Amino acid sequence: MSQPGIDALEKVRQQFDQAPYPRVPLEQSPKNDATNLYTHNLATAFYLRNQQIVNTQGAVILDAGCGTGYKSLMLAEANPGATIVGVDLSSESVKLAEQRLKHYDFHNAEFHAISIEDLPSLNLQFDYINADEVLYLLPDPVAGLQAMRSVLKPNGIIRTNFHSALQRMIYFRAQAFFKSVGLMGGTTQDEDIELVRQTMRSLKNHVFLKSMVWNPNFETDDEIVLANYLLQGDKGWTIPEFFAAMRAADLEFISMVNWRKWDLLSLFTDIEELPISVTLEIGEKSAEEQLHLFELLHPVDRLLDLWCGHPHEGIPYTPVAEWTADSWQTAYAHLHPQLKTTALKEDLIACVTQSNPFEISRHLKIVDEPVSIDSLMAGCLLPLLEQPQPVTALAQRWQTLCPFNPVTLEPTTLENGFERVQQRLTTLESLGYILLACSA
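Residues numbered from 1 in each chain as written. Predicted model: local features only at pLDDT ≥ 70, side-chain atom pairs only at ≥ 80, totals over all residues. Heavy atoms only, no water.

**Re the overall build of the protein chain**
And then number 1: Summing up its helical and strand segments, the protein chain has 19 helices and 13 strands in all.
And then number 2: Taking 2.2 N^0.38 as the reference for a compact globule, 440 residues should give roughly 22 Å; the C-alpha atoms of the protein chain span a radius of gyration of 24 Å, in line with that estimate.
And then number 3: In terms of overall dimensions, the protein chain has C-alpha extents of about 80 × 55 × 45 Å along its principal axes.
And then number 4: The proportion of buried residues among the 440 residues of the protein chain is 47%.
And then number 5: When contacts within the protein chain are restricted to residue pairs at least 6 apart in sequence, those whose partners lie at least 24 apart make up 75%. (Helix = DSSP H or I, 4+ residues; strand = E, 2+ residues; numbered from the N terminus. Rg over C-alpha atoms; globule rule 2.2 N^0.38 Å. Buried < 20%, exposed > 50% of the residue type's maximum accessible area, 1.4 Å probe, protein only. Contact = heavy atoms within 4.5 Å.)

**Looking at the sheet that holds strand β12 (residues 389–390)**
And then number 1: The strand order across the open sheet formed by three strands is β12-β9-β13, and the pairing between neighbours is antiparallel. The sheet is open, and its two borders are formed by β12 and β13 (434–437), each paired with just one other strand.
And then number 2: Inspection of the sheet shows strand β9 (residues 332–335) paired to β13 by four bridges, in the antiparallel sense. Bridge pairing links Ala333 to Leu436 in β13. (Pairing = 2+ DSSP bridges.)

**Here we look at the packing of aromatic side chains**
And then number 1: The full count for this structure, using the stated rule, is 14 aromatic pairs.
And then number 2: Aromatic pair Trp214 and Phe218: ring centres 5.0 Å apart, planes at 25 degrees, arrangement stacked. Here the two residues Trp214 and Phe218 agree in accessibility, since each one is buried.
And then number 3: Plain terms: the ring middles of Phe243 and Phe253 are 4.8 Å apart, the flat faces sit at 45 degrees to each other, and that makes the pair tilted. (Phe/Tyr/Trp six-rings, centres within 6.5 Å; stacked < 30°, edge-to-face > 60°.)

**Here we look at the nonpolar core**
And then number 1: The biggest cluster of nonpolar side chains holds 47 residues, and the ones touching the most others in it are Ile129 and Met148.
And then number 2: No other element matches helix α12 (residues 239–248), which puts five residues into this core.
And then number 3: Setting aside its immediate chain neighbours within four residues, Ile129 contacts Leu62, Ala64, Met148, Val151, Leu152, Ile157, Ile158 and Arg159.
And then number 4: Ranked by size, the runner-up nonpolar core spans 42 residues in total, among them Val371, Met377, Cys380 and Ile434. (Core = buried A, V, L, I, M, F, W, Y, C linked by side-chain atoms within 4.5 Å.)

**Quick word on the side chain of Gln338**
And then number 1: Residue placement: Gln338 occurs in the loop between β9 and α16 (342–354).
And then number 2: Engagement of the side chain of Gln338 in a polar contact is seen with the side chain of Asn41, the distance being 2.9 Å.
And then number 3: Discounting residues that sit within four places of it in the chain, Gln338 has contacts with Ala34, Leu37, Tyr38, Asn41 and Ala78. (Polar contact = N/O pair within 3.5 Å; in protein donor to acceptor, adjacent residues only side chain to side chain.)

**A few points about the state of the cysteines**
And then number 1: Evaluation of the coordinates by the stated rule reveals zero disulfides.
And then number 2: Of all cysteine sulfurs, the one in Cys66 lies closest to Cys308, which takes part in no disulfide; the gap is 19 Å. (Disulfide = S-S within 2.5 Å.)

**Observations regarding the packing of helix α8 (residues 189–202) against helix α11 (residues 222–229)**
Helix-helix packing is characterised by the crossing angle of the two axes and by the distance between the axes.
And then number 1: At a minimum axis distance of 10 Å, the contact between α8 and α11 shows a crossing angle of 80 degrees. By the angle between their directions, the pair α8 and α11 is classed as roughly perpendicular. Residue-level inspection shows Gln189, Ile193, Val196, Arg197 and Met200 of α8 in contact with α11, the latter providing Asp222, Val225, Leu226 and Tyr229.
And then number 2: The class makeup of the residues in the contact of α8 with α11 is six nonpolar, one polar and two charged. (Axes fitted to C-alpha atoms, helices over the stretch in contact; angles between N-to-C directions. Parallel < 35°, antiparallel > 145°, perpendicular 65-115°, else oblique. Nonpolar A, V, L, I, M, F, W, Y, C, P; charged D, E, K, R; others polar.)

**Quick notes on the pairing of strand β5 (residues 152–164)**
And then number 1: The buried fraction of β5 amounts to ten of the 13 residues, a majority that puts the element mostly inside the structure.
And then number 2: Here strand β4 (residues 126–131) pairs with β5 via five bridges, running parallel. Paired with Phe126 across the strands is Leu152, a residue of β5.
And then number 3: In this fold, the crossover linking β4 to β5 by way of helix α6 (residues 141–150) has right-handed handedness.
And then number 4: Strand direction decides the pairing type here: β5 and strand β8 (residues 303–309), joined by seven bridges, are antiparallel. Among the inter-strand pairings, Ile157 is bridged to a residue of β8, identified as Gly309.
And then number 5: With two bridges connecting them, β5 and strand β6 (residues 236–237) associate as parallel partners. Among the inter-strand pairings, His163 is bridged to a residue of β6, identified as Gly236. (Right-handed = clockwise from strand over helix to strand, strands pointing away.)

Nothing here speaks to function; it is geometry throughout.
Put into structure tokens, the structure is as follows:
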């Protein structure tokens, strides 16, 4: 690494030694944070790539840039039986991460105060790498991606992200201003934070920076001032720049982490009203190009957050929407592991008993709109809390629960039950609540 790169990295290390991040209290547990646990569960990413169900027992997971270990704890909670390895530049942060995992009795974990570029020195290979909120701090992000790829198992997956250059533009301008007037330099962080606050208070209310991104939280929360106005090494990319970096590191794009929100056509009220030439052009664009068009129209996400892996290591599969009747006859349904909770089981049983709809999104919010299923389908999901079930068995269960058509009073055939179950499973699978595989 060049001397300027070493100096920049040293400034990042000093910042996080002085103010370890995140400042999540030791007593705060992510155990009930179902949405974030869903993201950190290996089952989510591996199913998206391979349409296969992965067992986390024995998996080796790297938390690259682990900070004080809150995400390491989340990875441990989401992936029972996995070994967690955390690395961070800041030795002070690593000490806190070790304390956090021990506090929650996760002893199958180890932490190292090293840079991401030094990962090969661990002599470990990882099934999954979580590099969350770290890539944009590296002097050479491509070198960071290359280092992670070098320790990734052939079928492993990396989750990483970068600040959006379009969404974060105003903060980058603020950082440039405060650096130009002497902050982010020799003074202590506490002094810098107070200087930022005094400066922002002194601005007239109509000034763009103050009117757009200054709010009362900045007056009391030191961490968000540091993370937005004084963050050492902060950088932003666009989608094309991110994809170019992945190609330079010999990595293959798998999916955006919040992929449901990156649907370009969902930004339009009515596709039929689009000029046909525009619709045709969009249809011919690659995944990368469509994502870039999305960010040009709607840059609302702070992070460009994605999964990637070694090229050509994904397992080809047929999307569920294209399955044949034979595929469905051999299919097994799995409830996403993050849904197997006592609270969901109690709610599901209550809805079935009282013949009420079951709002599954109350237990796992992975789309903006509420997601509910009828009480009959809820009754079919009950066995999935214990183990995966053949779709044929769920169809038989539907037939038992609803032996007659309530309108015609005709007997429900097995074919009727199979059709109803198949329709509902297809919807739940597309949303990410159910995982479907053509074998157990």
